[in-house]
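So you can see what is in the structure, the chains are spelled out below.
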Amino acid sequence: MKYIVVTGGVVSGLGKGVTISSMGRMLQGCGLRVTSIKIDPYLNVDAGTMSPFEHGETYVLNDGGETDLDLGNYERFLSISLTSDHNITTGKVYRKVIGKERRGDYLGKTVQVVPHITNEIQDWIEEVAYVPVDDQGNRHWDAVDENGVNAATPSSSADEKDVRVADVCLIEVGGTVGDIESSVFLEALRQFQFRVGPSNFCLTFVSLVPIMGEEQKTKPTQHGVRDLRSVGLSPTVIFCRCKEVLEESTKNKIASFCHVDGPSCVLSVHDVNNVYHVPLLLLEQKLHRILAEKLQLSSIPKLEGRLDLTMNGLEEKATMWNLCEGSVANEKVLAMLASGQEDLDTLGGISRSMIDWARMAFKLDGFHVSVKIVIVGKYTGLQDSYLSVIKSLKHASMAVERKLDLIWVEAGHLENDFEGDSGGEEEYKAAWEKMKSADGVVVPGGFGTRGFNGKVAAAKFCRENSVPYLGICLGFQAMVVEYSRNMLGWEDANSTEFDEETKNPVVIFMPEIDKENMGGTMRLGSRNTAFTHSKHDDGSPSIAQIMYKNASVVSERHRHRYEVNPERVDAIHDAGLKFVGRDETGTRMEIAELPRSKHPYYVGCQYHPEFKSRPLNPSPPFHGLLLAACGMIDDYASNSK
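Residues numbered from 1 in each chain as written. Predicted model: local features only at pLDDT ≥ 70, side-chain atom pairs only at ≥ 80, totals over all residues. Heavy atoms only, no water.

Undergrad: With reference to specific residues and values, describe the sheet that holds strand β16 (residues 494-495).
TA: Strand order in the open sheet made by the three strands is β16-β17-β20, with mixed pairing throughout. Looking at the sheet topology across the chains shown, the edges are occupied by β16 and β20 (562-564). Two strands pair when backbone bridges link them, and β16 and strand β17 (residues 505-509) are joined in this way by two bridges, in the parallel orientation. Residue N494 lies in a different strand from β17, and its bridge partner there is P505. Along the sheet, helix α18 (residues 474-486) contacts β16, β17 and β20; its crossing angle with β17, the most-contacted strand, is approximately 150°. (Pairing = 2+ DSSP bridges. Helix = DSSP H or I, 4+ residues; strand = E, 2+ residues; numbered from the N terminus. Contact = heavy atoms within 4.5 Å. Axes fitted to C-alpha atoms, helices over the stretch in contact; angles between N-to-C directions.)

The structure is reproduced here in structure tokens:
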């Protein structure tokens, strides 16, 4: 196993997650299998109890792990499925060590940060690095528990060829070098480099190169590397985030003062049109060759016939693409990519997936016709709160070849009560003007009373005005509440989350959920949904099932405590809001929709489809929304029969 560690300095938010994901995508293009680990130095056991305003979204994995949003970047870029153990936190490590101490595993020794905590971190990294994560690997399980969650132990009957251990493990250390919280992890990595050997360990560093008075400043990078070296770690590669392409003089200066092997090891990660260019940017600067030399990749027997370290053709093409970017000549590149007729013989047998990735990156730059999608949310003050939703919309917009125009609406601003508040009239009016301009609307999940009636109002507006609508989790529940109030005449219909005394509880607390403890107690992880009502009363097929390529059962990730009240399902279903997808017991509602004879696209799902969306394989519900918003849904449905 080869280990590549990414650390960061100067400030947080430089894009370590995108950098490590792009590096992994590039290595996959060379024929390597890749896995990834995120180290978060906070004391929380996981991200499940953190405020979206403070930490951004909580990303949910197949096994129900609630993790940092960077794991979403890894999964989307690398098309892998990680586990909760791939997110290491201080809370998890200390909990494990203290558990061992309580059991007497340390045989009476004094338990200390060094060696016990640092050894636990190293053991954790080594163990998790060997867990297969690709689409073919480690998907066989002995059993499921009583809640239907995958067991943690792979079946011994799994085909050995189907279990593919990665060749390279990418490790991102959260925060910045010099933080007190991350010091124990850096010490563990200092020891780890000797445990695995220098040919199996490569450290990289992401830094900021600000521009002041038209001069690229290197001091922040120098100080960051100095802090890193002070703890016994020295980077092989330095990624420099800058608004502009890094000048050669800047590279030379950083290389000279930061103890790396020449300016070729100082890479420019400058601003580009979209993040999908970053793997090509790294490829152009021959990062794969630097890593191959440092990690001695060409000497690994098992990679013979699979590893392509030359990449000559693609390096030249990446250089051409980036030189052309933003110029008139770029039109020729776009035309070539769109046609799919480039001569693959000139690429030396490069991975087809890298060509598809490059085509996607540059094709995205060429979209000029816009589609307006409104997101009605509760946490619009920090867009990272809805990062996976945003990415899913972008993936879907690429599939329909439209430029995505995102419009944000604070859910509370749509409520009548807000209009009556002092000074709220302008925000109320502006919010509804945005709604009226939308080609499509997404109402994502959330928790708490604030803004719920605004989400209900958004669902009502879209239903009555035939505006394509996708409700996710709480947005799905808002659909049910709205329909119950306005179509069934249950005026006080509500969720017991917001009104425990309602006479018409159409959404209720799930009976098996722990009401006392908040962390890790929701219905979490990948669960199956069966399409139990494939045909509507008018004979038309379910549009949700069409978007899932007419599958009878689909698997999606969940994160919720409340569900549609089983006692009210038949009444709502018979009134016209069809529950076409249900869990395997038939008692939990998963997908609701209106027939296309009543509405072009009015779909809600209790699960979170955004967590499984990929750049080259968009989430079906989001894809359907964008098709409907662009007026393409009828043609798509006709061609899918």
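Undergrad: Any details on the side chain of T90? Residues and values, ideally.
TA: Assignment of secondary structure puts T90 in helix α4 (residues 90-103). By relative accessible area, which is 7% here, T90 ends up buried. Non-local contacts of T90, meaning those with residues more than four positions away in its chain, are made with D40, P41, Y42, L43 and F185. (Buried < 20%, exposed > 50% of the residue type's maximum accessible area, 1.4 Å probe, protein only.)

Undergrad: Talk me through the environment of A430; I want residue IDs and the actual numbers.
TA: On the secondary structure map, A430 appears in helix α16 (residues 425-436). On the basis of relative accessible area, A430 is assigned to the partly exposed category, the value being 38%. For the pair formed by A430 and L414, sequence separation is 16 residues and the distance between their alpha carbons is 9.2 Å.

Undergrad: So what's going on with helix α14 (residues 387-399)? Which residues, and what values?
TA: Between the first and last C-alpha of α14 there are 19 Å, a value that for 13 residues agrees with the 18 Å anticipated at 1.5 Å per step. Counting buried positions along α14 yields 11 of 13 residues, so the element is predominantly enclosed. Positive phi appears at E401, one or two residues downstream of α14, with a value of about 60°. (Expected span 1.5 Å × (residues − 1).)

Undergrad: Explain empty space enclosed by the protein to me, and be specific about the residues and the numbers.
TA: Inspection of the entire model under this criterion finds three cavities of 30 Å³ or more. What lines the largest cavity is simply G446, F447, C473, L474, Q477, E497, H560, R561 and Y562. Across the lining of the largest cavity, the residue classes break down as four nonpolar, three polar and two charged. If you add up the space inside the second largest cavity, you get close to 40 Å³. Around the second largest cavity sit N73, R76, F77, V275, Y276, K391, H395 and P615, which together line it. (1 Å grid on protein atoms, 1.4 Å probe; cavity = no way out; pocket = protein on both sides within 12 Å on 5 of 7 lines; lining within 4 Å. Points joined across faces, edges and corners; volume = space filled by probe spheres on them. Nonpolar A, V, L, I, M, F, W, Y, C, P; charged D, E, K, R; others polar.)

Undergrad: Break down the packing of α14 against helix α21 (residues 620-629) for me, with residues and values.
TA: Between α14 and α21, the least distance of the axes is 8 Å, while the angle of their chain directions is 55°. By the angle between their directions, the pair α14 and α21 is classed as oblique. Our pair here, α14 against α21, has a crossing hand that is right-handed. Taken together, the residues of α21 that come into contact with α14 (itself represented by V389, S392, L393, A396, S397 and A399) are F622, H623, L625 and L626. Of the residues assigned to the contact of α14 with α21, the class counts are seven nonpolar, three polar and no charged. (Parallel < 35°, antiparallel > 145°, perpendicular 65-115°, else oblique. Left-handed = near helix turned anticlockwise from the far one by under 90°.)

Undergrad: Go over the sheet that holds strand β22 (residues 589-593), please, and point to the residues and values.
TA: With mixed pairing, the nine strands of this open sheet are ordered in space as β13-β12-β14-β15-β23-β22-β21-β18-β19. Both edges of this open sheet fall to β13 (403-410) and β19 (553-560), since each of them pairs with a single strand only. When strand polarity is set aside, the average angle formed by the axes of neighbouring strands in this sheet is 25°. Relative to strand β23 (residues 602-605), strand β15 (residues 469-472) is paired through four bridges, and the arrangement is parallel. Bridging from a neighbouring strand, G471 pairs with G604 of β23.

Undergrad: Can you break down the packing of aromatic side chains residue by residue, with the values?
TA: Enumeration according to the criterion identifies 13 aromatic pairs in this entry. Geometrically, the ring pair formed by Y386 and W408 is tilted, given 6.0 Å between the ring centres and 35° between the ring planes. Of this pair, Y386 sits in the loop between β12 (370-377) and α14 while W408 sits in strand β13, and the two are 22 residues apart along the sequence. An identical accessibility class is assigned to Y386 and W408; each is buried. A connected cluster of aromatic rings, assembled from ring pairs, spans Y3, F192 and F201. The side chain of K96 reaches across the aromatic face of W124, ending 4.8 Å from its centre. (Phe/Tyr/Trp six-rings, centres within 6.5 Å; stacked < 30°, edge-to-face > 60°. Lys NZ or Arg CZ within 6 Å of the ring centre and 35° of its normal.)

Undergrad: Give a description of the layout of surface pockets that names residues and reports values.
TA: The rolling of a water-molecule-sized probe over the atoms marks out the regions of remaining empty space. By volume, the largest pocket amounts to about 1,300 Å³. Elements with a minimum of two residues in the lining of the largest pocket: α1 (16-29), β2 (34-40), α2 (52-55), α3 (70-78), α12 (330-339), α13 (352-365), α14 and β13. Broken down by class, the residue content of the lining of the largest pocket amounts to 16 nonpolar, 18 polar and 15 charged.

Undergrad: Run through the packing of α1 against α3, naming residues and quoting values.
TA: Between two packed helices, both the angle of their axes relative to each other and the distance between the axes serve to describe the pair. In contact at an axis separation of 9 Å, α1 and α3 are set at 25° when each is read in the N-to-C sense. Judged by the inter-axis angle, α1 sits roughly parallel to α3. For α1 against α3, the interelement crossing comes out right-handed. On α3, the residues that touch G17, I20, S21, S22, G24, R25 and Q28 of α1 are D70, N73, Y74, F77 and L78. Split into classes, the residues belonging to the contact of α1 with α3 amount to four nonpolar, six polar and two charged.

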